[in-house]
Structures are given as C-alpha cells and as structure tokens.
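In case you want the letters, here they are:
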Amino acid sequence: MFNKSKVFTAFGALICMLGLVLLVGCATARTTQQEAGQQKELDVIKIPDIHMPTYLYSPYIAEAKGFFAEEGIKPQFTGMIPPGQHVAAVASGTNDVGYLHVNRTIAGIAGGAKIKAVAADTLTTKDFPHMEFVVLENSPLKKPADIIGKKVGIIAMGGCNEYTPYEILAKNGISDPKGKFEFVVIPIGNEEQALRSGQVDVVGYHGHPADMFKRGGVRVLFNDYDVWGTVGGSCPWYFTEKFIKEKPDVVRRFVRAMAKTTDWINAHQQEAIEIQAQRLNFDAQKIVPMYFAEHALIKEDTVQVWLDILKKYGEIKEYAPSSIYTNEFNDYANK
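Residues numbered from 1 in each chain as written. Predicted model: local features only at pLDDT ≥ 70, side-chain atom pairs only at ≥ 80, totals over all residues. Heavy atoms only, no water.

*Asks:* Go over the overall build of the protein chain with me, naming the residues and quoting the values.
*Replies:* Within the protein chain one finds 13 helices and 12 strands. Buried residues in the protein chain amount to 50% of all 335 residues. When contacts within the protein chain are restricted to residue pairs at least 6 apart in sequence, those whose partners lie at least 24 apart make up 79%. Put simply, the protein chain shows about 16,200 Å² of open surface, and 54% of that area lies on carbon and sulfur atoms. (Helix = DSSP H or I, 4+ residues; strand = E, 2+ residues; numbered from the N terminus. Buried < 20%, exposed > 50% of the residue type's maximum accessible area, 1.4 Å probe, protein only. Contact = heavy atoms within 4.5 Å. Areas by Shrake-Rupley, 256 points an atom, 1.4 Å probe, with all protein chains shown as cover.)

*Asks:* Explain the sheet that holds strand S11 (residues 236-240) to me, and be specific about the residues and the numbers.
*Replies:* The strands making up a sheet are joined through hydrogen bonds of the backbone, oriented either antiparallel or parallel. A sheet is described by the order of its strands in space; here 3 strands give the open sequence S3-S11-S4, paired in antiparallel fashion. Each having just a single partner strand, strand S3 (97-98) and strand S4 (115-120) make up the two edges of the open sheet. Strand direction decides the pairing type here: S4 and S11, joined by 5 bridges, are antiparallel. Note that in S11 the partner of Ala120 across the bridge is Pro236. (Pairing = 2+ DSSP bridges.)

*Asks:* Run through the pairing of strand S10 (residues 218-223), naming residues and quoting values.
*Replies:* Counting buried residues along S10, 5 of its 6 residues qualify, which places the element largely inside the surrounding structure. Sheet analysis places strand S6 (residues 131-136) next to S10, joined by 5 bridges and oriented antiparallel. When the sheet's bridge partners are listed, Leu136 is paired in S10 with Val218.

*Asks:* I'd love a proper account of the sheet that holds S6, names of residues and values included.
*Replies:* With mixed pairing, 5 strands are arranged side by side in an open sheet as S8-S7-S9-S6-S10. The sheet terminates laterally at strand S8 (182-185) and S10, the two strands that pair on one side only. Sheet twist, expressed as the mean angle between neighbouring strand axes with direction ignored, is 30°. Of the pairings in the sheet, the one linking strand S7 (residues 151-154) to strand S9 (residues 202-206) comprises 2 bridges and is parallel in character. Across the sheet, residue Gly153 finds its bridge partner in S9, namely Val203. Along the sheet face, helix H6 (residues 160-171) touches S6, S7, S8, S9 and S10 and points at about 70° away from the line of S6. (Axes fitted to C-alpha atoms, helices over the stretch in contact; angles between N-to-C directions.)

*Asks:* Tell me about helix H5 (residues 102-110), and please be specific about residues and values.
*Replies:* Each α-helix turn comprises 3.6 residues. Residues three or four places apart therefore point the same way. In terms of burial, H5 is largely enclosed, as 7 of its 9 residues are buried. Of the positions making up H5, those classed as buried are Val102, Asn103, Arg104, Thr105, Ile106, Gly108 and Ile109. Residues of H5 that are buried make contact with helix H4 (86-92), S4, H6, S11 and helix H13 (300-312). Directly beyond the C-terminal end of H5, a positive phi value near 110° is found at Gly112.

*Asks:* Before we move on, could you go through the pattern of salt bridges and cite the residues and values that matter?
*Replies:* Applying the stated criterion across every chain yields a total of 17 salt bridges. A salt bridge links Glu63 to Arg279; the nearest nitrogen and oxygen atoms lie 2.7 Å apart. Of this pair, Glu63 sits in helix H2 (residues 58-64) while Arg279 sits in helix H12 (residues 269-280), and the two are 216 residues apart along the sequence. For Arg279, a relative accessible area of 37% gives the class partly exposed. Of the charged contacts, one joins Glu71 and Lys260 as a salt bridge, the two residues approaching to 2.8 Å between their closest N and O atoms. Residue Glu71 is found in the loop between helix H3 (67-70) and strand S2 (73-80), and its partner Lys260 is found in helix H11 (residues 248-267); the two are separated by 189 residues along the sequence. Under the relative-accessibility criterion, Lys260 is labelled partly exposed at 29%. Through salt bridges that share partners, Glu70, Glu71, Arg252, Arg256, Lys260 and Asp331 make up one connected network. (Salt bridge = Lys/Arg side-chain N within 4 Å of Asp/Glu carboxyl O.)

*Asks:* Give a description of the packing of aromatic side chains that names residues and reports values.
*Replies:* Summed over all chains, the structure comprises 18 aromatic pairs. Judged by centre distance (6.1 Å) and plane angle (20°), the ring pair of Phe68 and Phe254 falls under stacked. Taken as a pair, Phe68 in helix H3 and Phe254 in helix H11 lie far apart in primary sequence, 186 residues in all. You can call Phe254 buried: its relative accessible area is 0%. The interplanar angle of 80° and the centroid separation of 4.9 Å between the aromatic rings of Phe181 and Phe183 together place this pair among those described as edge-to-face. In this structure an aromatic cluster arises from ring pairing among Tyr57, Tyr60, Phe68, Phe77, Tyr99, Trp237, Phe239, Phe243 and Phe254. (Phe/Tyr/Trp six-rings, centres within 6.5 Å; stacked < 30°, edge-to-face > 60°.)

So far we have only geometry, and geometry alone does not tell us how the molecule works.
As structure tokens, then:
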C-alpha cells in the first residue's frame, strides 16, 4: 500500500540533505574567496638577492620564518646585482627596496637619488665586525700602516671596502691616505685565492671568514671596529621617497617585519645560518654570523660618521642625518 507519510518523510530528509550540501558548498566557496582575497591583499615588494652567499641576509630569514607574511608582504626576489647598482635599481623601480652599507645610501642621495633609509640591518660589534682585512700568517705586515705601498684586495670600490683602509691609516697618523697603496678589485669568492697566491698582500672580507681561518695560515690585520667601534658598519634598507609617500603603510609593515627578523636572528644565529644555507644550497660553515640592529632602529651616529667621512674626502657636501634616514615607520622609535 502506498504510504504517503513515508514518502513525505523521505522527501523531507532529501531536501534537508541538499540544503546542507548547499550550505557547505557556499561556506567552502566563501572560504576559498576569502583565501583568494587574502592572497590578493599581500603587497609584493621587489627585493634583490644577496650578492655574497657568505653574508647572512635578513630577507631570506624573514620569508622563511613567516615575518613577511605576518605583515601582509610577499617578497619578490629579483636576482643578484653588483653593490654599486643597488641605488640605481631602486631609483628605476627594478627593485622597491635597496640595501648595503650606509655610505652607498648617502652617495646615492648625493648623486640625486630620491631615497631614504627606513630600517637598520647589520651593525658592527667587537665580536661581529662588518669588515676584516686579512693577511697571511707569515706576512711582514704587522700593523695597519704597513699596507702603504702594498696591494689591497676588495670586491668593489666606493664603499666600506675602500674607506676602511683609508680611515685606519688616518687613525694611525697617515695624512691623505688616498694613493698610499694600490687597490685590486677581486671577483666575489676569489678573495682567499688572491691572498694565498700572492696576487694581493691584504684582502678585505665582509664579516669574519671562519672557514678560511679553519684552513689556517692567516690572521686579521685590522677591522672596522678598530677604526670606528660600533658605529661604522651600519647597513640600512631604503625606499624611494615616491614609494614612501604612496605606500606608507607598506613601508611601515616592511619595517615591522625587519624588526622582528633582526631581533630573531640575534637570538638564533646558527638557525638563521642553516636557513640560508639550505635556501642557497651553500656550505653553512662559510656563512658568517653577524649582529643585527635591535628592533631595526637606525642610530644617528651610524649615519653621521659616514657623512663626516664622505665630506672629508670631498665626495659629498653637507647633509643632515635626517635627510638620509627616518625611524618614523618603526614602532619602537618612541618607546
């Protein structure tokens, strides 16, 4: 016998099931749309890759630890470029943000680039110098002044590589140190070979080349800490003034991500080195540990020292530190 009650009950159950499926489907669709929206909300920042794999690079760590993602930023790494081209790459829009030693930031501004530093990266300490100048163990060079008349190998002219030897001579009473020795520009990665083969008498390194010292037969002649203490090795991040004006919130979030990163690296040096080694498929023992500025705050004396140096050598006119950098986007600036 046909049972209308059972049919209506079954039909009702079917309707409920379809309703649930539709609700789940709609919820899933909304979730997918939300996820897609979240992806679209990530602001892409074009960042250069590190030009020296031995140099611990904070953006790699920021991406790996999720600090960029936490701030709604997606880094787009654009490849390695020579140190002297970083400012030009930012000014042209090839990169959104630039980096390297503060003297290059200053030189770029003096050359007409409309850029401003917004976050500090590495700093010099006694244990973690920015630059070391190394000689063979049996070298007759025993003190900084002994480099007069010798060949000094560096990876590029115009930066801390060049001015650290000048200033160590000036500190040791040598007036007008330019021209007192010969610079030899060496391709990155060939520094040790150039020194051990006798191509140069001294070679400049960023950081302490621990793997080279493990092989023995070398010693440090001087470093940037011997010249300026902790203020000489600052390496800030900078944007164009146009980018800062148009996207101040992106700049603030970038600075916040870098503050998280620098503080994390200082507390987890070896883990940071391992992250970079894995990313680059590079020997972790060759990556030098470094000290990073606390909270990514730029210290005025780390800028002023290079304003004074570059003016002294006739490279720039008078500039106020405030024309070079700002901490206005750093949450720690007023704490």
